[in-house]
Amino acid sequence: MAFLKNKERTKERFSLLLLDLEEYYFEQHTAYNVTKSSASKRKIRGSLKVCSRSIIFDPEDFTEPILKIPLRDCNQIEFVEKETNPFNEPKPSSISILCEQVIYIKENCIISPYRNERGLKTVKFQLEVWSKTEDVIQTLHQLHRASCLEKLGDQTAMITANLQSRLARTSFDKFCFQNVAEKPHMECAVETVLPLVSNPGHVCITNENLYFQPLNGYPETVIQIQLDKIRRIYKRRHGLRPLGLEVFCSENDFCSDIYLKFYNTEDRDEMYYFIATFLENHMMEHTAESYMLQWQRGHLTNYQYLLHLNNLADRSCNDLSQYPVFPWVISDYTSTELDLTKAATFRDLSKPVGALNKERLDGLLCRFKGMPEPRFMYGSHYSSPGYVLFYLVRVAPEHMLCIQNGRFDHPDRMFNSIGETWKNCLEGATDFKELIPEFYGDDCGFLENHLRLNLGRRQNGSYVCDVHLPAWASDAKDFLKKHKIAIESQYVSEHLHEWIDLVFGFKQRGSQAVEANNVFHPLTYEGGIDYDSIEDPDQRVAMLIQILEFGQTPTQLFTTPHPQRITGRLQNITRSPSLNSPISDLTPGSLNEDSSFEDLTEESRKLTWANVDRMTSVSRHKIHKEAVTSITVTRDGSSVFSTSQDSTLKMFSKELKEFQRSMSFSNMALSSCLMLADDQIVVCSSWDNNVYFYSIPYGRRQDTLMGHDDAVSKVLWANNKLYTASWDSTVKVWQCDPNVLSSQKRTLFELLAELEHDAGVNAIGMNPLGTLLVSGCKDGAVTIWDTDTYGTLQQVDCHSATVHCVSFSPDSRHVLSIGADCFMKVTDVQTGMVTSSVKSEEELRCFCWDGDSVLCGGQSGDLLLWDLMSNTVISRLKAHSGVVIFPINTIKKILTSCIVGEKLQCIFGAFTLISVFLCVSRPGHSHMDE
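Residues numbered from 1 in each chain as written. Predicted model: local features only at pLDDT ≥ 70, side-chain atom pairs only at ≥ 80, totals over all residues. Heavy atoms only, no water.

A few words now on the confidence of the model for the protein chain. Averaged over every residue, the pLDDT of the protein chain is 84; the share at 70 or more is 86%. Here residues 569–602 scores under 50 on pLDDT; set against residues more than four positions off or in separate chains, the count is 61 contacts. Between residues 901–930, whose pLDDT stays under 50, and residues either more than four places distant or in other chains, the model counts 142 contacts. (pLDDT = per-residue confidence, 0-100. Contact = heavy atoms within 4.5 Å.)

Right, dumping it as structure tokens:
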């Protein structure tokens, strides 16, 4: 597997992938982890790694887990002096760390999601060389101060200063030269770049060799490359700046021998020209035009030509934001036999992926035309780190764990099937990804779970294992064999130049790109932003992270139409007009009305979002005397429970169309409710500071949680934890057993965390995986929390007035919030940047969204369908005569919305209509539409 050619192949378990993104590994010390049990003291020998944002201990005993302690979670790092009492056995000095979290990695030497252990804990280490203890503690104190700074830009600046100080105090060790007669030409500080990691050190070039010496001595003391073995070198754009240099010792492989990132362009260029001058007699300089001529005349295969174009266009397998991009060439993944003589078997290479489905394209064009400058058609790219690891998770699981904070993606969003992936690329609202070179290589490992990874179980009960192949492939090897034949086929050879025009050529940008429906977000293009002109350090870091995560368009290689390949025309292949069936061919009547909620397909969910503006009101029912505040529905959709400011919880029967029960817990308003314990318990929050648990089978109040000092505004349930938000400026997290709740026993509520805010909390929301929590306050602030550490990830002053509603996008990359200031704002989860800000003509109170479209309710009583691409209202549905205040919610086959006043409106729609609010995003998407 070429992707893993440069993977650090050492016998130890430690890897730079265990570090956070943009984190450095500085130094290591042989040490002992001193643990105490009730019976005895145990010392585990291993290597203590000092990193810029964490401390990592790698035990020599592989049965012991690797320990990672984030510095931001450390409360105290102390130096414990050695005992000098002559009457006692001498005790060495040690490092004592009081921390709130320890992460356990590779337990029993198995690659699996990390285990986080929370709670105050003291961890002690003893260095084998005692004299270094104080120096290590001083370093840890410096790095701890940097990690605890509020602003990301300040953290980065302080860590960078520490790194540069280390590099300035060291230099390349000339004793590492292979020959004493070698003459050094230049030496400077650099970083080697591998997928998701950078390793600082010093590079030295002589008249014979190129050397790199890592600052930390990992994974090797020195890396040596003989100059006369180098065959190709490329200048690279790394992190939006011309700082990279990649060296190849092979002619056709796309995985290099070393990728160097310099700290200034002048050093990079001097190194490049020295190597180029030395290699005049050893290598031939190739341009895009020279490769094109070789390909035209058949001296290069289609696969080889695409590899060379990727290399020339700044694509590198060491940079996942600029990974080599290859086209989908086959469109038939359903037939039992693959017929490469039919044009219908192939994808239309003259169109980008986003334009292959006419129905979807029409919608994108409509939004594009109404969008202010700078306009773009596609909010997600065809190549990004998330997409690359989506394909390669089975051979690069540690990379996936690195990019996703120690977790794999949700099983249903993983690379499970070739056919499903292609179909989603055709029909998905934000999925326009192309392929990677591995699909046309020889190693089929990325399609098979040889590592026996536990990647989870899908909703249909099946475990994620090998990738499901099309019927025409007998196994993974057969699939790659036929895929390789397809890319070298007659049809692809005759039409590949059309795809090159789109990705590397004259249709990549400008008016030609507009005509070809090939316009991506402006930040993805080279020169789209001047990174050095951004003065604010926080903005610089946030912008860099966002663009690197989103992906980048290749450097433009051709400004005129690419010529066609000279081929022997064996037969005339014509394209069938019905190559791609648009999603609009599906009708609501074609879906099974009796299908279960869990069996909803991706296609039906997207179809129903497209038809949301066709909703009609089915029935209206007067239930409460005052404003309805919340609704929850049983799984089978037969019963609806609602709370109101009239202080009652009421049960409404769908079949009888009347309410059957009315419960009152206090004389104050009930603010929200939810269903749990298999439809046995309804949880209600109240303005009297309490949370009430109502038993449906017993018809009475089961329990009461007196947890706050002011009104409880919202409750959420996830992973056996109850989240309660209050106007007392806190969100509290409670551990409770739902099985005990449903019994007649009294429940024990354990307070796990108390999340402090600067103002009363008015709204909370949870991402689909339950790993992130977002809260909105009365002062307009939106805060994103990590539910593992209960630490703040982002705090953004989004609104100038009360936040009414907050929610994550289906892919958890963005948060949408609406407030009393009439603004609707989209915030990037990772960077905290507000990427979209829309002013509404009326105050919006509630919404649901799929990442691109938003269905809102507000002051007018209408339901408004917003398009975030163009920031416009594309549909207005007459729904109520007063303010809609409860978040539009979809459960089973019921769509409900609430109005201030005396009415609760329940809209019982068709199966396809309701699924509109259940869209699931594919992994790796970054919606820059907002």
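One pass over the structure, following the stated rule, counts three cavities of 30 Å³ or more. Approximately 70 Å³ is the volume attributed to the largest cavity. For the largest cavity, the full set of lining residues is Pro352, Val353, Gly354, Tyr378, Tyr382, Phe432, Glu434, Trp499, Leu502, Val503, Asn518 and Phe520. Across the lining of the largest cavity, the residue classes break down as nine nonpolar, two polar and one charged. (1 Å grid on protein atoms, 1.4 Å probe; cavity = no way out; pocket = protein on both sides within 12 Å on 5 of 7 lines; lining within 4 Å. Points joined across faces, edges and corners; volume = space filled by probe spheres on them. Nonpolar A, V, L, I, M, F, W, Y, C, P; charged D, E, K, R; others polar.)

The subject of this paragraph is the sheet that holds strand 22 (residues 690–695). Here we have four strands laid out as an open sheet, ordered 20-21-22-23, and antiparallel in their pairing. Looking at strand neighbours, the two that pair on one side only are strand 20 (670–676) and strand 23 (700–706), the edges of this open sheet. If you compare each strand with its neighbour and ignore which way they point, the axes differ by 20° on average. Of the pairings in the sheet, the one linking strand 22 to strand 23 comprises six bridges and is antiparallel in character. Along strand 23, the bridge assignment pairs Tyr694 with Arg701. (Pairing = 2+ DSSP bridges. Helix = DSSP H or I, 4+ residues; strand = E, 2+ residues; numbered from the N terminus. Axes fitted to C-alpha atoms, helices over the stretch in contact; angles between N-to-C directions.)

Within the largest apolar cluster, 107 residues are counted, with the highest numbers of intra-cluster contacts made by Phe439, Leu447 and Phe479. When residues of this core are assigned to their parent elements, the largest contribution, seven residues, is made by helix 11 (residues 490–503). Residues contacting Phe439, with those up to four places away along its chain left out, are Tyr391, Phe415, Ile418, Phe446, Phe479, Leu480 and His483. Within the second largest apolar cluster, 30 residues are counted, among which are Ile55, Phe125, Leu127 and Val136. (Core = buried A, V, L, I, M, F, W, Y, C linked by side-chain atoms within 4.5 Å. Buried < 20%, exposed > 50% of the residue type's maximum accessible area, 1.4 Å probe, protein only.)

This next bit is on the pattern of salt bridges. Tallying each qualifying case throughout the model produces 33 salt bridges. We note a salt bridge from Lys358 to Asp362, for which the minimum N-O separation is 3.1 Å. Residue Lys358 and its partner Asp362 are located together in helix 6 (residues 358–369), separated by four residues, close to a single helical turn. Asp409 serves as the salt-bridge partner of Arg413, at 3.3 Å between the closest nitrogen and oxygen. As far as the burial class goes, Arg413 and Asp409 line up, both buried. (Salt bridge = Lys/Arg side-chain N within 4 Å of Asp/Glu carboxyl O.)

What follows is about the packing of helix 1 (residues 133–147) against helix 2 (residues 152–169). Axis separation between helix 1 and helix 2 bottoms out at 8 Å; the angle between their running directions is 150°. Our classification of the angle between helix 1 and helix 2 gives roughly antiparallel. Side by side, helix 1 and helix 2 meet where Thr139, Gln142, Leu143, Arg145, Ala146 and Ser147 of the first sit next to Gln155, Met158, Ile159, Asn162 and Arg166 of the second. (Parallel < 35°, antiparallel > 145°, perpendicular 65-115°, else oblique.)

Let's shift gears to helix 11. Each α-helix winds once per 3.6 residues, and so residues spaced three or four apart point in a common direction. Here helix 11 contains 14 residues, and its C-alpha end-to-end distance of 21 Å stays within 8% of the 20 Å for a straight helix at 1.5 Å per residue. Of all bends in helix 11, the biggest is about 40°, found at Leu496. The element helix 11 is largely enclosed, with a buried count of 13 among its 14 residues. (Expected span 1.5 Å × (residues − 1). Bend = angle between axes of the 7 residues up to and from the residue.)

Inspection of the secondary structure assignment puts Val503 in helix 11. Considering only alpha carbons, one finds Val503 and Thr553, 50 residues apart in sequence, at a separation of 7.7 Å. Ignoring sequence-local partners within four residues, the contact set of Val503 consists of Val325, Tyr382, Gln508 and Pro554.

A surface patch of like charges, here positive, comprises Lys36, Lys41, Lys43 and Lys124. Residue position: Lys43 is located in strand 2 (residues 41–51). (Patch = residues over 30% accessible without salt bridge, like charges linked within 9 Å, V, L, I, M, F, W, Y side chains within 5 Å. Areas by Shrake-Rupley, 256 points an atom, 1.4 Å probe, with all protein chains shown as cover. Lys, Arg positive; Asp, Glu negative; His and termini not counted. Charge placed at Lys NZ, Arg CZ, Asp CG, Glu CD.)

A few words now on the sheet that holds strand 29 (residues 772–777). In spatial order, the strands read 28-29-30-31; together these four strands make up an open sheet with antiparallel pairing. A strand with exactly one partner marks an edge of an open sheet, and here the two such strands are strand 28 (761–766) and strand 31 (791–797). Neighbour-to-neighbour, the strand axes of this sheet turn through a mean angle of 20°, independent of strand direction.

Quick look at unusual backbone geometry now. With omega at 0°, the peptide bond leading from Tyr218 into Pro219 counts as cis. Within the secondary structure, Pro219 is located in the loop between strand 10 (209–214) and strand 11 (223–226). In this structure, the amide linkage connecting Glu373 to the following residue, Pro374, adopts the cis form with an omega of -5°. As for its placement among the helices and strands, Pro374 is situated in the loop between helix 6 and helix 7 (385–392). The residue Lys106 is not glycine, and still its phi comes out positive at about 55°. Mapped onto the elements, Lys106 comes out in the loop between strand 6 (94–105) and strand 7 (115–127). The exposure class assigned to Lys106 is buried, which follows from its relative accessible area of 10%.

In this section: helix 10 (residues 476–487). Between its first and last C-alpha, helix 10 extends 17 Å over twelve residues, near the 16 Å set by a 1.5 Å rise per residue. Residues of helix 10 that are buried: Ala476, Asp478, Phe479, Leu480, His483, Ala486 and Ile487. You can read the cap of helix 10 off the contacts: a side-chain oxygen lies 3.2 Å from the backbone nitrogen of Lys477, and it is on Asp475. (Polar contact = N/O pair within 3.5 Å; in protein donor to acceptor, adjacent residues only side chain to side chain.)

Within strand 12 (residues 232–238), six of the seven residues are buried, leaving the element largely enclosed by the surrounding structure. Of the pairings in the sheet, the one linking strand 12 to strand 13 (residues 241–248) comprises six bridges and is antiparallel in character. Residue pairing across strands places His238 opposite Arg241, the latter belonging to strand 13. The turn linking strand 12 back onto strand 13 is made up of two residues, and Gly239 within it adopts a positive phi angle of 60°.

What follows is about the packing of helix 4 (residues 288–296) against helix 5 (residues 302–312). Following both chains from N to C, one finds helix 4 and helix 5 inclined at 175°, their axes separated by 10 Å at the closest point. Judged on the interaxial angle alone, helix 5 and helix 4 are roughly antiparallel. Where helix 4 abuts helix 5, its residues Ala288, Tyr291, Met292 and Trp295 lie against Asn302, Tyr305, His308 and Leu312. Grouping the amino acids of the contact of helix 4 with helix 5 by side-chain chemistry returns six nonpolar, two polar and no charged.

For the structure on display, the rule yields 33 aromatic pairs. A centroid spacing of 6.0 Å and a plane angle of 80° characterise the contact between Trp328 and Tyr333, whose relative ring orientation is edge-to-face. Side by side, Trp328 and Tyr333 carry an identical accessibility label, which is buried. Taking the centre distance of 5.0 Å and the plane angle of 70° together, the rings of Phe439 and Phe446 count as edge-to-face. The exposure class assigned to Phe439 is buried, which follows from its relative accessible area of 1%. By relative accessible area, Phe446 is classed as buried at 0%. (Phe/Tyr/Trp six-rings, centres within 6.5 Å; stacked < 30°, edge-to-face > 60°.)

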